[in-house]
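Architecture at a glance
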Amino acid sequence: MSSDASELLSIGQVAQASGLASSAIRYYERCGLIPSPARVGGKRRFETDVLFRLEMIQIGQEAGFSLEEVKTLLVGIGGGRRGPRALTKLAQEKLPEVRAGLERLKLLERVLKAAAECECPDLETCAQAMRRAGLVRSPRLGRKGLRRPGRRLG
């Protein structure tokens, strides 16, 4: 995909739009996560689609993917030499981890909703919020009262 000069962004513009430091963008370029940009007057000029790739890198990292795993995803998306098998394999391997992370986030959401309705100074002392969130069966936060991981809490 080629862009005319008006669509090209400086590294500073990419950094500002993505919220990343210029050094991170150069690092991702060295690692092959983003394509090496054209040079105009010796300065990097990125096509606007680099912003999508940078967003995918950030999302992948926030989800716990290594940069190598993110690279596999991006290369698979772009139809690169690793091809769809690498993407499919990585997706199949990572889906259970992502689903488990979503369950932990749902649990945290329930705890925070319960705590928002409580007047306790912190969650450690807030058995009431924990009970409302379905995290404990008894008023005391002892081991016997805590639900085991893997059991449905909702």
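Relevant structure appears above.
I will try to describe carefully the structure that is included in this document. Being a predicted model, the structure only gives us computed values, none of them experimental.

As a further point, take the overall build of the protein. Regarding its fold elements, the protein presents six helices and two strands. Each helix (α) and strand (β) of the protein, taken in turn from the N terminus, gives the series α-α-β-β-α-α-α-α.

Looking now at the packing of helix α1 (residues 11-18) against helix α2 (residues 22-31). As a packed pair, α1 and α2 sit with axes 9 Å apart at the nearest point and diverge in direction by 105 degrees. If you check the angle between α1 and α2, you find them roughly perpendicular. Contacts between α1 and α2 involve Ile11, Val14, Ala15 and Ser18 from the former and Ser22, Ile25 and Arg26 from the latter. For the contact of α1 with α2, a count of residues per class yields four nonpolar, two polar and one charged.

Below, the discussion takes up the nonpolar core. Ranked by size, the top nonpolar core spans 17 residues in total, and within it Val14, Ile25, Tyr28, Ile34, Phe46, Leu54 and Ile57 carry the most contacts. Mapped onto this core, the elements with two or more residues apiece are α1, α2, α3 (50-62) and α4 (67-77). Aside from chain neighbours lying at most four places away, what touches Val14 is Leu9, Ile25, Phe46, Val50, Leu51 and Leu54.

The next subject is α2. Of all the residues in α2, the buried ones are Ala24, Ile25, Tyr28 and Glu29. Take α2 and look down its axis: the buried residues cluster within an arc of 145 degrees, on one side only. Backbone geometry just downstream of α2 places Gly32 in the positive-phi region, at approximately 85 degrees.

Here the focus is the pattern of salt bridges. Scanning the model with the defined rule gives six salt bridges in all. A salt bridge links Lys94 to Glu69; the shortest N-O distance between them is 3.2 Å. Here Lys94 is found in helix α5 (residues 83-116), whereas its partner Glu69 is found in helix α4, with 25 residues between them in sequence. With a relative accessible area of 7%, Lys94 lands in the buried category. On the basis of relative accessibility, which here comes to 22%, the residue Glu69 falls in the partly exposed class. A single network of salt bridges, built from pairs that share partners, joins Glu69, Lys94 and Glu97.

Let's shift gears to the packing of α1 against α3. Between α1 and α3, the shortest axis-to-axis distance is 10 Å and the interhelical angle comes to 45 degrees. Between α1 and α3, the crossing angle belongs to the class labelled oblique. Considering the relative orientation of α1 and α3, their crossing is right-handed. Here Val14, Ala17 and Ser18 of α1 come into contact with α3, specifically with Val50, Leu51, Leu54 and Gln58. Looking at the contact of α1 with α3 residue by residue, the class counts come to five nonpolar, two polar and no charged.

Next up on the list: the packing of aromatic side chains. Under the defined criterion, the tally for this structure stands at one aromatic pair. Taking the centre distance of 6.2 Å and the plane angle of 55 degrees together, the rings of Tyr27 and Tyr28 count as tilted. When its relative accessible area of 37% is taken as the criterion, Tyr27 is described as partly exposed. Stacked on the ring of Phe65, the Lys or Arg Lys94 has its end atom at 4.9 Å from the ring centre.

Our focus in this paragraph is a nonpolar patch on the surface. A grouping of Val98, Leu102, Leu105, Leu108 and Leu112 is seen on the molecular surface, where their side chains present a nonpolar patch of about 430 Å² in accessible area. Within the secondary structure, Val98 sits in helix α5.

Before going further, it helps to examine the environment of Gln58. Along the chain, Gln58 turns up in helix α3. In the structure, Gln58 is positioned 40 residues away from Ser18 in sequence and 9.3 Å away in space, judged by C-alpha atoms. Once residues within four sequence positions are removed from consideration, Gln58 is found in contact with Ser18 and Leu20.

Reading the values: rules and limits
Residues numbered from 1 in each chain as written. Predicted model: local features only at pLDDT ≥ 70, side-chain atom pairs only at ≥ 80, totals over all residues. Heavy atoms only, no water. Helix = DSSP H or I, 4+ residues; strand = E, 2+ residues; numbered from the N terminus. Axes fitted to C-alpha atoms, helices over the stretch in contact; angles between N-to-C directions. Parallel < 35°, antiparallel > 145°, perpendicular 65-115°, else oblique. Contact = heavy atoms within 4.5 Å. Nonpolar A, V, L, I, M, F, W, Y, C, P; charged D, E, K, R; others polar. Core = buried A, V, L, I, M, F, W, Y, C linked by side-chain atoms within 4.5 Å. Buried < 20%, exposed > 50% of the residue type's maximum accessible area, 1.4 Å probe, protein only. Arc of directions from axis to C-beta. Salt bridge = Lys/Arg side-chain N within 4 Å of Asp/Glu carboxyl O. Left-handed = near helix turned anticlockwise from the far one by under 90°. Phe/Tyr/Trp six-rings, centres within 6.5 Å; stacked < 30°, edge-to-face > 60°. Lys NZ or Arg CZ within 6 Å of the ring centre and 35° of its normal. Patch = residues over 30% accessible without salt bridge, like charges linked within 9 Å, V, L, I, M, F, W, Y side chains within 5 Å. Areas by Shrake-Rupley, 256 points an atom, 1.4 Å probe, with all protein chains shown as cover.

None of the figures reported here should be taken as evidence of function without further support.
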